[in-house]
Amino acid sequence: MQEYEVIIIGAGVSGCAAARELSRYDVKVCVLEKEEDVCCGTSKANSGIVHAGYDAPVGSLKAQMNLRGNEMMEKLAEELDIPFVRNGSLVVCRSEEDMPKLRELYDRGIANGVKGLQILGREEVLAKEPNVTEEVYAALYAPTGGIVCPFELNIALAENAYANGAEFRFGTEVQEIRRLEEGYELVTDQGIFRAGFVVNAAGVYADRFHNMVSGRKIEITARRGDYCLLDKSAGNHVKSTIFTLPGKFGKGVLVAPTAHGNLILGPTAIDIEDKEGTNTTREGLDQVLERVGMNAKNLPMRQVITSFAGLRAHEKNDEFVIEELEDAPGFIDCAGIESPGLTSCPAVGERIAGILRERMGLTEKKDFISVRKGILKPVTLPKEERARLIKENPAYGNIICRCEMITEGEIIDAIRRPLGARSLDGVKRRTRAGMGRCQAGFCSPRVMEILAREWDIDIRDVTKSGGASKVLAGTNKDIL
Amino acid sequence: MEEKNLICINCPLGCMLTVAMDGKKIVSVAGNTCRRGDTYARKELTNPTRIVTSTVRVLGGSESMVSVKTKEDIPKGKVLECVRALKDVVLPAPVKIGDVILEDAAGTGVSIVATKNVQ
Amino acid sequence: MNNQLSADIVIIGGGPAGLAAAVAAKKNGIDRILILERDRELGGILNQCIHNGFGLHTFKEELTGPEYAARFIGQILELNIAYKLNTMVMDISRDKVVTAMNREEGLFEVRAGAVILAMGCRERPRGALNIPGFRPAGIFSAGTAQRLVNMEGYLPGREVVILGSGDIGLIMARRMTLEGAKVKVVAELMPYSGGLKRNIVQCLDDYGIPLKLSHTVVDIKGKERLEGITLAEVDGRGKPIPGTEEFYSCDTLLLSVGLIPENELSAGMGVELNPVTSGPRVNESLETNIEGVFACGNVLHVHDLVDFVSEEAAAAGKNAAAYVRAAKETAGRAAERASFPAVRLTVGTGVRYTVPETICAERMDEHQTVRFRVGGVYKNCYVSVYFDGERISRRKKAVVAPGEMEEIMLTKKQLMEYPDLKEINVRIEEA
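All values reported here derive from a predicted model rather than from experimental measurement.

A. A look at the interface of chain A and chain C. The partner chain C presents 49 residues to the 57 residues of chain A that form the contact. In this assembly, chain A packs against chain C so that about 4600 Å² is buried in total across both faces, 54% of it on carbon and sulfur atoms. Where chain A touches chain C, the interface holds 6 salt bridges. In this structure, the salt-bridge partner of glutamate 264 of chain C is arginine 437 of chain A, at a minimum N-O distance of 3.4 Å. Residues that form the side of chain A that touches chain C fall into these classes: 23 nonpolar, 19 polar and 15 charged. Bridge count between strand E23 (residues 474-475) of chain A and strand E11 (residues 154-155) of chain C: 2 bridges; the pairing is antiparallel. When the sheet's bridge partners are listed, glycine 474 of chain A is paired in E11 of chain C with leucine 155 of chain C.

B. Expanded view of the interface of chain C and chain B. Counting residues at the interface gives 30 residues for chain C, matched by 26 residues for chain B. Contact between chain C and chain B buries roughly 2400 Å² in total, counting both sides, with carbon and sulfur atoms accounting for 58%. Contact with chain B buries area across many residues of chain C, yet Glu67, Leu178 and Lys197 of chain C alone supply 21% of it, more than any other trio. Run the count over chain C and chain B and you get 5 salt bridges. We note a salt bridge from arginine 50 of chain B to aspartate 206 of chain C, for which the minimum N-O separation is 2.5 Å. Counting across the chain C and chain B interface gives 7 residue pairs in polar contact (both at pLDDT 80 or more). At the level of secondary structure, the elements contributing two or more residues to the side of chain C that touches chain B comprise helix H2 (65-78), helix H4 (142-150), helix H5 (167-178), helix H6 (197-204) and strand E28 (390-400) of chain C. The class makeup of the residues in the side of chain C that touches chain B is 10 nonpolar, 7 polar and 13 charged.

C. How the structure looks around the domain arrangement of chain C. Residues and elements named next belong to chain C. As far as domains go, chain C holds domain 1 (1-121 + 259-339), domain 2 (125-257) and domain 3 (340-431). Around 1000 Å² of area is buried between domain 1 and domain 2 when both sides are counted, 49% of it from carbon and sulfur atoms. The largest contributions to the domain 1 side of the interface with domain 2 come from Gln48, Ile50 and His51, which together make up 50% of the buried area.

D. Structural view of the environment of alanine 440 of chain A. Residues and elements named next belong to chain A. You can see alanine 440 is positioned in the loop between helix H11 (424-431) and helix H12 (444-455). The class for alanine 440 is partly exposed, based on a relative accessible area of 21%. As for alanine 440 and alanine 142, which are separated by 298 residues in sequence, their C-alpha atoms are 36 Å apart.

E. Representation of the packing of aromatic side chains within the structure. Residues and elements named next belong to chain C. Under the counting rule described, the total for this entry stands at 9 aromatic pairs over all chains. Aromatic side chains phenylalanine 59 and phenylalanine 72 sit 5.9 Å apart centroid to centroid with 65° between the ring planes, which places their arrangement in the edge-to-face category. Placement of phenylalanine 59 in the loop between strand E3 (52-54) and strand E4 (63-64) and of phenylalanine 72 in helix H2 is noted, with a sequence separation of 13 residues between them. Under the relative-accessibility criterion, phenylalanine 59 is labelled partly exposed at 22%. Taken together, a centroid distance of 5.1 Å and an interplanar angle of 80° make the contact between phenylalanine 387 and tyrosine 418 edge-to-face. One end of the pair, phenylalanine 387, is in strand E27 (residues 378-387); the other, tyrosine 418, is in the loop between helix H10 (412-416) and strand E30 (423-430), and 31 residues separate them in sequence. Connected via pairs of aromatic rings, a cluster forms that spans Phe59, Tyr68 and Phe72.

F. Structural context of the nonpolar core. Judged by nonpolar contacts, the single largest core of 62 residues is most densely connected at Ile9, Ile11, Ile12, Ile92, Val98 and Leu117 of chain C. By residue number, the principal contributor to this core is helix H8 (residues 306-329) of chain C, which donates 8 residues. Ignoring sequence-local partners within four residues, the contact set of leucine 117 of chain C consists of Ile12, Ile92, Ser266, Val271, Val293, Phe294, Ala295, Cys296 and Val299 of chain C. Core analysis: the next-biggest nonpolar cluster, separate from the first, contains 56 residues, Cys16, Val148, Phe151 and Phe168 of chain A among them.

G. Structural detail: the pattern of salt bridges. Scanning the model with the defined rule gives 84 salt bridges over all chains in all. A salt bridge links glutamate 79 of chain A to arginine 20 of chain A; the shortest N-O distance between them is 2.9 Å. With glutamate 79 of chain A in helix H2 (residues 61-80) and arginine 20 of chain A in helix H1 (residues 13-22), the pair connects residues that are 59 residues apart, well separated along the chain. The same class applies to glutamate 79 of chain A and to arginine 20 of chain A, which are both buried. The residue glutamate 284 of chain C makes a salt bridge to arginine 363 of chain C at a minimum N-O spacing of 3.2 Å. Remark: arginine 363 of chain C occurs in the loop between strand E25 (358-359) and strand E26 (367-374) and glutamate 284 of chain C occurs in the loop between strand E21 (279-280) and strand E22 (293-295); sequence separation between them is 79 residues. By relative accessible area, which is 22% here, arginine 363 of chain C ends up partly exposed.

H. Quick peek at the sheet that holds strand E24 (residues 351-355) of chain C. All names here are of chain C. Strand order across the open sheet formed by 3 strands is E24-E26-E29, with antiparallel pairing between neighbours. This sheet does not close on itself; its edge strands, each paired only once, are E24 and strand E29 (406-411). Taken pair by pair, the neighbouring strands of this sheet meet at an average axis angle of 30°, ignoring direction.

I. Examining a negative patch on the surface more closely. Side chains of Asp388, Glu390, Asp420 and Glu423 of chain C sit close together on the surface and give a patch of like negative charge. Position of glutamate 423 of chain C among the secondary structure elements: in strand E30.

J. Geometry of unusual backbone geometry. In the segment running from alanine 93 of chain B into proline 94 of chain B, the intervening peptide bond is cis, with an omega of -5°. Position of proline 94 of chain B among the secondary structure elements: in the loop between strand E8 (90-92) and strand E9 (100-102). Unlike most non-glycine residues, alanine 440 of chain A shows phi in positive territory, near 75°.

K. How the structure looks around the pairing of E24 of chain C. All names here are of chain C. Taken across its 5 residues, E24 has 4 buried, putting it largely inside the fold. As defined by bridge partners, E24 adjoins E26 across 4 bridges and the pair is classed as antiparallel. Counted as the bridge partner of valine 355 is arginine 371 from E26.

L. Local environment of the side chain of threonine 177 of chain C. Mapped onto the elements, threonine 177 of chain C comes out in helix H5. Classification of threonine 177 of chain C by relative accessible area gives buried; the value is 17%.

M. A look at the domain arrangement of chain A. Residue and element names in this part refer to chain A. Along its sequence, chain A is carved into domain 1 (2-43 + 151-220 + 318-360), domain 2 (85-147 + 221-313) and domain 3 (378-461). Distance from the C-alpha centre of domain 2 to the C-alpha centre of domain 3: 32 Å. Contacts between the two partners involve 6 residues from domain 2 and, on the opposite side, 6 residues from domain 3. Summing both partners gives a buried area of about 530 Å² for domain 2 against domain 3, and 43% of it is carried by carbon and sulfur. Taking the shortest distance from any N to any O, the salt bridge between arginine 437 and aspartate 231 comes out at 3.0 Å. The tally of links between domain 2 and domain 3 comes to 3 residue pairs in polar contact (both at pLDDT 80 or more). Of the residues that constitute the side of domain 2 that touches domain 3, the class distribution is 1 nonpolar, 3 polar and 2 charged.

About the criteria used
Throughout this description, residue numbers start from 1 for each chain and increase along the sequence as written. Here chains are named by letter from A upward and ligands by number from 1 upward, in the order in which they appear as written. Residues qualify for local features only when their pLDDT is at least 70, as the model is predicted, and side-chain atom pairs are given and counted only at 80 or more; totals for whole chains, interfaces and linings, by contrast, use all residues. Processing note: side-chain calculations cover all non-hydrogen atoms of the structure and skip hydrogens and water entirely. Contact criterion: two residues are considered in contact whenever any of their non-hydrogen atoms come within 4.5 Å of each other. Defined here as a combined quantity, buried area equals the accessible surface (1.4 Å probe) lost by two parts on assembly, summed across both. Every case where a carboxyl oxygen of Asp or Glu lies within 4 Å of a side-chain nitrogen of Lys or Arg is listed as a salt bridge. Three residue categories are used. Nonpolar comprises Ala, Val, Leu, Ile, Met, Phe, Trp, Tyr, Cys and Pro, charged comprises Asp, Glu, Lys and Arg, and polar comprises the others, including Gly. Between any two strands, pairing holds if DSSP finds at least two bridges. In this description a helix means any DSSP run of H or I spanning at least four residues, a strand means any run of E spanning at least two, and both kinds are numbered starting from the N terminus. Any N or O atom pair separated by 3.5 Å or less is treated as a polar contact, with the protein-specific requirement of one donor-capable and one acceptor-capable atom, and with residues adjacent in sequence counted only for side-chain atom pairs. Where a domain begins and ends is set by an automatic assignment or by a domain database. The rule is simple: take the accessible area with a 1.4 Å probe, protein chains only, and divide by the maximum for that residue type; under 20% is buried, over 50% is exposed, in between is partly exposed. Pairing of aromatic side chains requires ring centres within 6.5 Å, counting the rings of Phe and Tyr and the six-membered ring of Trp. Pairs whose planes differ by under 30 degrees are stacked, by over 60 edge-to-face, and all others tilted. Here, nonpolar core means buried Ala, Val, Leu, Ile, Met, Phe, Trp, Tyr and Cys residues that are tied together by side-chain atoms lying within 4.5 Å of each other. Axis definition: a line fitted to C-alpha atoms, over the contacting stretch in the case of helices. Angles run 0 to 180 degrees between N-to-C directions. Patch rule: a residue counts if its relative accessible area is over 30% and it has no salt bridge; like charges are joined within 9 Å, and nonpolar side chains (Val, Leu, Ile, Met, Phe, Trp, Tyr) within 5 Å. To be clear on the numbers: accessible area is Shrake-Rupley with a 1.4 Å probe, and residue cover counts the displayed protein chains and nothing else. None of His or the chain ends enter the tally, which takes Lys and Arg as positive and Asp and Glu as negative. Taken as the charge location is NZ of Lys, CZ of Arg, CG of Asp or CD of Glu.

Given below as structure tokens:
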């Protein structure tokens, strides 16, 4: 049995933000994650958008977290050495009739405290974004909208929490939570854990854990979003994030550049029964392709390099639930964190740490390390420095991923650093090796070699994403 | 009299050939557009043969596998047996193109040779 | 940078195109040639194509891929042509400074008199087809699987479905079978196979592997490792027909769904690309819009036979050599280039593109090969050539198909007879 003061269930962006904020204090924290890595659920498959904050209802926790998260993101990105761009966002209105809705959005944004909002006329919009649909009538412009790399944000939060003493247990699935006289006992497939306080950041499964300890049941629905990703050659198609005026199901389909210069289209919003249902469907992808035409034109659809689907953890009251349960003291929910969850995560972490600080009487550490150094990207260095780097470490002269120009040095760094990559996807999310236009066709055999060498395992045991996802089945003629 | 159908492989036209056979004897070939179809059908139905290519493990070389082939074509029915005969073959490096890897593969009288240089 | 080299001709890529171009350039009198290859050996994709069927045109005998490569590598060594392995070209500037990198030398620059682009192509990934479903382990492009099996000795899976009946897909069906896997079916979106008849018979029929034409994958099952796929028949526009779905359990899906020339470097230096081929636009010398920058092989347009790659690359090598010599002898080539009018090659019914896209009668050799591909299967047709609307030749063909490259030959004499010629049109006509 293992004991901690706080156990966080889930190493997604909310769980890791909470872990990082808690690691400012003198407290023994452990994050339990059922997958082999951080960022394997909702956090890995979303738009990567930092929302300005005009969507959520005035006075809601969502609105509050969104604004605060957006405001914090700049400094956080700097501290954690991750890409973040305030590229601005536009909500496209296509007819005069819809103008009241656009104004409503503007008014809500103002009431929520969003800065710099402006309603732009057709010509202003087209001057700003020539590839917006010809049918644009007006648009709401929010200069504080941004884009961030969700993988790097999640990974960086975890690494920084780890550097400050938070522990992480991967491949550890919580199966049962028992209430003790003081605190909780968590039965996992890797043994029993105990903690006085539990943070439930389990994404689409947050209802399961909540309902294990509370009489007031909640329900989280998995709401699937299908996306298409285009090659970097299409990344300049738009500069801002382009939304359509919200309809019944969220914000419609957006077109946006990603923090790494691809173009992303999506998502759909399809409620499903299966909380593991991250499969795209024909209908879903067709819907993306159909709807994306509502806000942008001339999209180079031949440049699609991949499609994927993610699940939002939708709570039926459409609100974030971040609070200690009244009927389960010491159990803190972090549930229903759907859009704008990524934007909000810094604030969500802060709020959870705040709740625990009060309840536990935590004191700040003197030696908190606020900065984390990302994986060194030689491509960002001036030529001379890059040449020097290769001289010092020739692995930085060996390109493994041709499409994204990722070197062996970066891949080794991704594997060797704390909470390092164990699988092809782990390497991909940390370095972008395999994320380019050939989608790992050329580099996967070589990344597998490096993973096998660095972890000292047989190459046949290398996985795509942990568990049973082995890439190779055997050797030539082995069963002939 | 028996009729057999096969597709001619000589060009993209892919003529559907109909061959009339009397036991093992070919009586006529129909459906071909050119003479190559006739020749192909007669060979393929009386004595079909294939060149077989495969890989063999190499120890201590710059590569872990070396590609190999049957030096000449072998009867089609012997292909799998021939590949199985390579299952446990391991070669020490270096290997040169043309090196004989296995003689008389699967009793065909044909040897298997390396098709790549491995240092 | 203190690390600058120079060469008369820098060749980007040491695959079949780069090797043939280098040999031809050397034989045409250029000594300072440098080949930059990103892989650990010369030969490119030929090293993993261990099947036979290469070289019937070039060497008049049937070779395997590695043997074909070895013939050219042998010439490179004999002719003492310089090359660097494990070297990635990062960037080429418009004035032909090539920036490259490897472990030993770090970043370095090569100032080139002429550049030959010979980077080859890559495979279209699953994402480009937008196949719905999960994204488990066990989905490979056919070429990746080919590398794993043929060069590294690893079997990617035991039960295999292959999507796409191009030659790589067909060849891999046989390879996987002969290494102990069970290939359940090969599905092809089009109503015809993109591969050679010979491969359909010898790679599928020989092993009883069914080929399903007008079929595609409509769903992928399996969260961690692939568990199965669903095939469905498609209608004339490639849309799946509801009710025709059929599930195949399998742990591996190989995709052989097309090749894309790798022109990121070319585009980066300002080379104009043809949207149909995704390769550079070239003139009769295989020279791009940037003077002294040539292209050949699969980076120019995807070929069906390596023999034609070698032939085309040899022409590029020879032309690059002539360019380098002329540039040394006279500084006035640019003026000369502008003074000769170029004739445009255009495509008519059935023809998707031509390489080259322009021809200059004054500069061309006695004979000029024009290569092209057709957009559909045509039986009993003519390949016709029109000079400004007047038919000057037609050749009867029993069949033309998209999977096979076609060519016509133009002569200098022909073009000289039409001094005011503006346009040469190539088209398929019914007999």
